[in-house]
Amino acid sequence: MKPAQRISLYLLLVSFCCSAVLAETNKYLVYVGTYTVRGSKGIYAYRYDASTGQLEDLGLAAETPSPSFLAISPNHKFLYTANETNEYQGQSSGIVSAFSIDAKTGKLTLLNQKASRGASPCHISLDHTGKFVLVANYTGGNLAVFPVEEDRRLGEASDFIQHIGSGPNHDRQEKAHAHWIDLSADNRFVLNADLGLDEVFVYHFDASKGKLTPNDPPFAKVGPGAGPRHLAFHPNGRFAYVIDELDSTVTTFSYDAKAGTLHELQSVSTLPKDFSGKSNTAEVVVHPSGKFLYGSNRGHDSLAVFAIDPAKGTLKLVEHVSIKGKTPRNFEIDPDGKRLLVANQDSDNMVEFAIDSATGKLTPAGTEIKVPAPVCVKFLPIE
């Protein structure tokens, strides 16, 4: 079987398995990572019914410092956090934490912690086997890979990469700022958006050893001073979308899954043409149908909604929607694609929107949850 055929088969199997899960349950746990300010103590849990859109508050799931980004293991039994701190055990480092999940209560039990190897870890992910945790350290400007041991605790780092350089924005790009890290669908490549360097790095991933080696070419560029923050793949695996924090744009790339290479197709603004205030972006998410893309604007305090051209992968603006709060950070679409939940960091609330399956447009669904300094939202299917 050719590599392209293997990748297509893999994506088909992933789609089938996801459909099977959705057919079995419409009940979820929702975990919310926060900054531990204004009374927040860590990670909060909610029980979510996708059929009604109702959220039941389960309270504090785990007390832990500034768990600004979360990742859930493929078997849904463990949760890992990037604790966005600047010092840990006397080191200039943040923390990576491992927790076990009690699916009945939503409570999390700490297994262990490791220094993230750089200050201000702001993004975390797992490879598709669940055997390695990857973290991007913003202030440190570096990446680290941690093996997951048999008991699901974190081992010592299996790899570490320091980025060097700067960008044209002297205030925000004075050095490397690793901001997002995740893997391609086939688990062969690790991609990393570095806001400070205007580059999206691509690494070959050795899934047996947890090692990273630069791809050829080793990165793709965005516009000077754009500041790439997060990346989202299209479900078909042929396109990737990078949301650029500093100039409030989305850069569309075609993606060669065999070579692990990105080629720029388009750059569009996430802001209205008549907006003249200060704003920067945060999160980018592609709808499970592959028809729509959403991006959050902090300052304009909106979600930008785009339609995706199915053949070209390019974007066309549909609307801007107020998020009914301040400073929208991460947001998630529930696994059945019907509702979106956005975390508004500076208004201490989460707001739910219904998604129009034909147009992608968003309508407030009536649910608003108070939670201090929410940053990250993750859905976990339960029986």
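Now for a quick tour of the structure. (Residues numbered from 1 in each chain as written. Predicted model: local features only at pLDDT ≥ 70, side-chain atom pairs only at ≥ 80, totals over all residues. Heavy atoms only, no water.)

1. Comments concerning the overall build of the chain
Phase 1: Of regular secondary structure, the chain possesses one helix and 28 strands.
Phase 2: Since a compact globule built from 383 residues should have a radius of gyration of about 21 Å, the 19 Å found for the chain is in line with a globular shape.
Phase 3: Taken along its principal axes, the extent of the C-alpha atoms in the chain is 50 × 50 × 50 Å.
Phase 4: Across the 383 residues of the chain, 58% fall into the buried class.
Phase 5: Considering only residue pairs separated by 6 or more positions, the chain has 49% of its internal contacts joining residues 24 or more positions apart.
Phase 6: Summed over its atoms, the accessible surface of the chain is roughly 15800 Å², and 52% of this surface lies on carbon and sulfur atoms.
Phase 7: Taken together, the 37 basic and 42 acidic charged side chains of the chain have centroids lying 2 Å from each other. (Helix = DSSP H or I, 4+ residues; strand = E, 2+ residues; numbered from the N terminus. Rg over C-alpha atoms; globule rule 2.2 N^0.38 Å. Buried < 20%, exposed > 50% of the residue type's maximum accessible area, 1.4 Å probe, protein only. Contact = heavy atoms within 4.5 Å. Areas by Shrake-Rupley, 256 points an atom, 1.4 Å probe, with all protein chains shown as cover. Lys, Arg positive; Asp, Glu negative; His and termini not counted. Charge placed at Lys NZ, Arg CZ, Asp CG, Glu CD.)

2. Concerning the sheet that holds strand S20 (residues 280-286)
Phase 1: Read from one edge of the open sheet, four strands run S20-S21-S22-S23, paired in antiparallel fashion. Of all the strands in the sheet, just S20 and strand S23 (315-322) have a single pairing partner and so form its edges. Direction aside, the axes of adjacent strands within the sheet are offset by 20° on average.
Phase 2: With five bridges connecting them, S20 and strand S21 (residues 292-298) associate as antiparallel partners. Residue pairing across strands places Asn 280 opposite Arg 298, the latter belonging to S21. (Pairing = 2+ DSSP bridges. Axes fitted to C-alpha atoms, helices over the stretch in contact; angles between N-to-C directions.)

3. Concerning the nonpolar core
Phase 1: Counting 32 residues, the largest nonpolar core has Tyr 31, Ile 43, Leu 79, Tyr 80, Leu 108, Ile 124 and Val 133 as the members making the most contacts within it.
Phase 2: When residues no more than four places from it in sequence are discounted, the contact partners of Leu 108 are Tyr 31, Ile 43, Ala 61, Ala 62, Leu 79, Phe 99, Ser 100 and Ile 101. (Core = buried A, V, L, I, M, F, W, Y, C linked by side-chain atoms within 4.5 Å.)

4. Examining the side chain of Arg 329
Phase 1: Examined against the element boundaries, Arg 329 turns out to sit in strand S24 (residues 328-333).
Phase 2: Not counting chain neighbours up to four residues away, the residues in contact with Arg 329 comprise Tyr 35, Arg 229, Ala 282, Glu 283, Ser 296, Arg 298, Ala 343, Gln 345, Pro 374 and Val 375.

5. A look at the side chain of Gln 173
Phase 1: Checked against the element boundaries, Gln 173 lands in the loop between strand S11 (159-162) and strand S12 (178-183).
Phase 2: Classification of Gln 173 as buried rests on a relative accessible area of 0%.
Phase 3: With near-sequence residues (within four places) excluded, Gln 173 lies in contact with Ser 166, Gly 167, Pro 168, Leu 195, Gly 196, Asp 198, Gly 225, Gly 227 and Leu 246.

6. Some points on the environment of Leu 362
Phase 1: Position of Leu 362 among the secondary structure elements: in strand S27 (residues 362-370).
Phase 2: Once the C-alpha coordinates of Leu 362 and Glu 319 are considered, the two residues, 43 residues apart in sequence, prove to be 8.8 Å apart.

7. Quick notes on empty space enclosed by the protein
Phase 1: By the definition in use, this model includes two cavities of 30 Å³ or more.
Phase 2: At the level of secondary structure, the elements contributing two or more residues to the lining of the largest cavity comprise strand S16 (228-233), S20 and S24.
Phase 3: For the lining of the largest cavity, a count of residues per class yields four nonpolar, three polar and three charged.
Phase 4: What the second largest cavity holds in volume is close to 30 Å³.
Phase 5: Surrounding the second largest cavity, Tyr 48, Glu 332, Asp 334, Arg 339, Leu 340, Leu 341, Glu 352 and Phe 379 form its lining.
Phase 6: Of the residues forming the lining of the second largest cavity, the biggest block, three residues, is contributed by strand S25 (residues 339-344). (1 Å grid on protein atoms, 1.4 Å probe; cavity = no way out; pocket = protein on both sides within 12 Å on 5 of 7 lines; lining within 4 Å. Points joined across faces, edges and corners; volume = space filled by probe spheres on them. Nonpolar A, V, L, I, M, F, W, Y, C, P; charged D, E, K, R; others polar.)

8. Details of the sheet that holds strand S9 (residues 132-137)
Adjacent strands of a sheet form backbone hydrogen bonds with each other and so pair up, either parallel or antiparallel.
Phase 1: Sheet architecture is open: four strands sit in the order S8-S9-S10-S11, paired in antiparallel fashion. The outermost strands of the open sheet, each flanked by one partner alone, are strand S8 (121-126) and S11. The sheet shows a mean angle of 15° between the axes of neighbouring strands, taken without regard to direction.
Phase 2: Summarising the sheet, S8 and S9 pair through five bridges and their orientation is antiparallel. Paired with Leu 126 across the strands is Val 133, a residue of S9.

9. Observations regarding the pairing of S16
Phase 1: Counting buried positions along S16 gives five out of six residues, so the element sits mostly inside the fold.
Phase 2: Hairpin remark: S16 followed by strand S17 (residues 239-244), antiparallel, with five residues in the connecting loop; positive phi at Gly 237, about 75°.

10. Overview of the environment of Asp 159
Phase 1: Within the secondary structure, Asp 159 is located in strand S11.
Phase 2: Between the C-alpha atoms of Asp 159 and Val 268, which are 109 residues apart in sequence, the distance is 35 Å.
Phase 3: Residues within four places of Asp 159 in sequence aside, it is in contact with Leu 143, Ala 144, Val 145, Gly 210, Lys 211 and Leu 212.
Phase 4: Only 2.7 Å separates the side chain of Asp 159 from the backbone nitrogen of Leu 212, close enough to count as a polar contact. (Polar contact = N/O pair within 3.5 Å; in protein donor to acceptor, adjacent residues only side chain to side chain.)

11. Structural notes on the pattern of salt bridges
Side chains that differ in charge, positive against negative, can pair when their charged atoms come close.
Phase 1: Applying the stated criterion across every chain, the model contains 13 salt bridges.
Phase 2: The shortest N-O distance in the salt bridge between Asp 186 and Arg 188 comes to 3.5 Å.
Phase 3: Judged by its relative accessible area of 19%, Asp 186 is buried.
Phase 4: With a relative accessible area of 35%, Arg 188 lands in the partly exposed category.
Phase 5: Where Glu 245 meets Arg 298, a salt bridge forms, and the shortest distance between an N and an O atom there is 3.3 Å. Residue Glu 245 is found in the loop between S17 and strand S18 (249-256), and its partner Arg 298 is found in strand S21; the two are separated by 53 residues along the sequence.
Phase 6: By relative accessible area, which is 4% here, Glu 245 ends up buried.
Phase 7: Look at the salt bridges and you will find they share partners, linking Arg 172, Arg 229, Glu 245 and Arg 298 into a network. (Salt bridge = Lys/Arg side-chain N within 4 Å of Asp/Glu carboxyl O.)

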